[in-house]
Amino acid sequence: ELTIDDIACRDVNRPLAWKEYHRLMIRFMTFCTGESYVETKMFSDEELDFITPRHIYEFMAKHAYGRVDPSVEDNPIHGRASTLMYWKKAISYFMSNKIQPWTKLGSVTCGNPTRSSLVNNLILAVKKKETRGIGKESSADRALTLEEFKQSLELIETCQGTMMHKRRFSAMLRFQVHLIGRNDDTCHVMKKSIQVSPQFPEFLTVRMRWSKNVHEERDCPRQILMGSMNEKSCVVLGLALFLEKWIASGVGASSQWLFLDGNSDSRTILKLQEKEVKRGKKAYSSFIKRHVFTNPMFDRDDHVQGALGTHSIRKFATTFCRSAGVPKDDTDYRARWKAQRQQDKYTDTQLNWPDIKAARKLCLEGICLY
């Protein structure tokens with residue numbers, strides 16, 4: 001019997017969030033039809049053709065306002081505009097005519113119902129209410145402060161646990177900050193991606209091939225790794241301490257991943273490779289939450305409102321870069337964020353100096369040459 005994972009692997013063009021999209025589509029169709037569907041249900045074009053902007057509007061309004069027909073006096077205290085925008089993207093993925101906006105030609109309507117003024121105006125109305133402070137409060141992770149980041153490294157080093165866990169997760173945290181990466185980016189890095197820089201042999205380089213915004217090889221140039229004069233946050237020292245112990249133990253010698261245990265290689269089916277990564281991501285997130293963010297010894301900055309999670313780490317790195325005077329374009333380059341402009345079609349993507357300017361600011365107390 002097929003599982004949802006088996007179905008997901010059939011579609012070579014599926015986005016990384018396909019399973020989340022599909023779960024939401026099941027929920028949406030249940031709302032529209034009142035029927036229950038099995039997890040593996042795939043909707044045909046004929047089943048989806050009856051969907052109109054009104055269906056999507058009522059589904060979103062029910063979530064945000066608690067009713068399908070909100071008035072101007074109602075406030076969206078149950079859902080955020082960011083959630084509605086994600087739902088719009090998820091539902092749109094399954095539409096057969098997803099590119100064309102919703103149009104009416106005489107008595108015939110056609111196009112993508114998510115691309116309609118009715119749905120867009122609802123999202124704008126929710127955003128405006130949030131701006132005025134009368135919508136649902138944001139639950140997004142805030143950025144760590146510099147002191148909280150330093151505390152995080154100290155708590156990892158002094159927590160109760162095996163030395164292997166301390167070395168592994170300390171190295172991962174340093175690496176994630178230094179590359180302005182996500183948890184997922186960090187876990188997907190392979191050992192073979194670490195090489196000496198041909199232009200600057202004093203430094204190492206890495207390619208982040210699995211980043212969320214990497215869609216072609218041009219999007220993942222070699223990025224520099226610089227040692228820091230602050231030994232507690234130095235990414236090179238963190239990697240050296242972890243890899244020496246991990247590879248010498250025999251476990252790390254067989255893994256293709258830079259930080260994760262595993263037996264897969266490039267010939268292994270993607271499902272099994274992702275299983276190893278998912279296990280490593282869960283272990284890293286749980287460790288950071290248990291030993292840092294919920295640790296009684298963690299001195300949270302009460303002047304900054306918001307929750308803390310692994311996404312706070314990337315937000316800290318981005319904020320720290322910008323606060324240190326790194327131009328926005330250079331920060332985007334370091335974080336692999338692409339805002340397409342005409343010059344991008346002609347410029348080589350291997351640009352050392354924007355990357356170096358951001359990397360050196362992320363080395364606390366200056367650059368260290370080993």
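Preceding this section is the structure that the text describes.
K.L.:
Looking at this structure, I do not really get the side chain of Glu 148. What am I missing?
P.N.:
Note on placement: Glu 148 falls in helix α7 (residues 146–158). In this view, Glu 148 contacts Arg 142, Ala 143, Phe 298, Asp 299, Arg 300, Asp 301 and Leu 308; residues no more than four positions away in its chain are not counted.

K.L.:
Would you explain the packing of aromatic side chains in this entry?
P.N.:
Ring pairs (aromatic) are described by centroid distance and by the angle formed between their planes. Counting across every chain of the model gives 16 aromatic pairs. Centre to centre, the rings of Phe 28 and Phe 59 are 5.2 Å apart; their planes meet at 70°, and the pair counts as edge-to-face. Residue Phe 28 is found in helix α2 (residues 18–33), and its partner Phe 59 is found in helix α4 (residues 53–65); the two are separated by 31 residues along the sequence. Measuring from centroid to centroid gives 6.1 Å for Phe 242 and Phe 259, while their planes differ by 25°, and the two rings are stacked. Of this pair, Phe 242 sits in helix α10 (residues 235–248) while Phe 259 sits in the loop between α10 and α11 (270–293), and the two are 17 residues apart along the sequence. Aromatic rings pair up to connect Trp 18, Tyr 21, Tyr 86, Tyr 93 and Phe 94 into one cluster. Just above the ring of Tyr 93 sits the side chain of Lys 98; from NZ or CZ to the centre is 5.6 Å.

K.L.:
Where do I start with helix α8 (residues 163–178) in this structure?
P.N.:
With 16 residues, α8 should reach 22 Å at 1.5 Å per residue; the first-to-last C-alpha distance of 22 Å fits that figure. Of all 16 residues making up α8, 13 are buried, and the element is well covered by its neighbours. Of the residues trailing α8, Ile 180 is marked for its positive phi of about 45°.

K.L.:
In this structure, what is going on with the nonpolar core? I would like to understand it.
P.N.:
Nonpolar side chains in soluble globular proteins generally cluster together in the buried interior. Within the largest apolar cluster, 49 residues are counted, with the highest numbers of intra-cluster contacts made by Leu 173, Phe 175, Val 177 and Phe 259. In terms of residue count, the dominant contributor to this core is α8 (seven residues). Those residues in contact with Phe 175 that lie beyond four places of it in its chain are Thr 186, Val 189, Val 206, Met 208, Leu 225, Val 235, Leu 239, Leu 258 and Phe 259. Of all hydrophobic cores here, the second largest spans 30 residues; its members include Tyr 37, Phe 43, Ile 56 and Met 95.

Cut-off values and rules
Residue positions are counted from 1 within each chain, in the order its sequence is given. Since the coordinates come from a predicted model, pLDDT governs what is reported: local features require at least 70, and pairs of side-chain atoms require 80 or more to be given and counted, while whole-chain, interface and lining totals use all residues. The side-chain quantities take in all heavy atoms of the structure and omit both hydrogens and water. Helix and strand assignments come from DSSP, with helices taken as H or I runs of at least 4 residues and strands as E runs of at least 2, each series counted from the N terminus. In this analysis, two residues are considered to be in contact whenever any of their non-hydrogen atoms come within 4.5 Å of each other. Pairing of aromatic side chains requires ring centres within 6.5 Å, counting the rings of Phe and Tyr and the six-membered ring of Trp. Pairs whose planes differ by under 30 degrees are stacked, by over 60 edge-to-face, and all others tilted. We call a charge positioned over a ring when the NZ of a Lys or the CZ of an Arg lies within 6 Å of the ring centre and within 35 degrees of the ring normal. An expected span of 1.5 Å times one less than the residue number is assigned to each helix. Between buried and exposed lies partly exposed: a residue is buried under 20% and exposed over 50% of the maximum accessible area for its type, with that area taken using a 1.4 Å probe on protein chains only. To define a nonpolar core, start from buried Ala, Val, Leu, Ile, Met, Phe, Trp, Tyr and Cys residues and group those joined through side-chain atoms within 4.5 Å.

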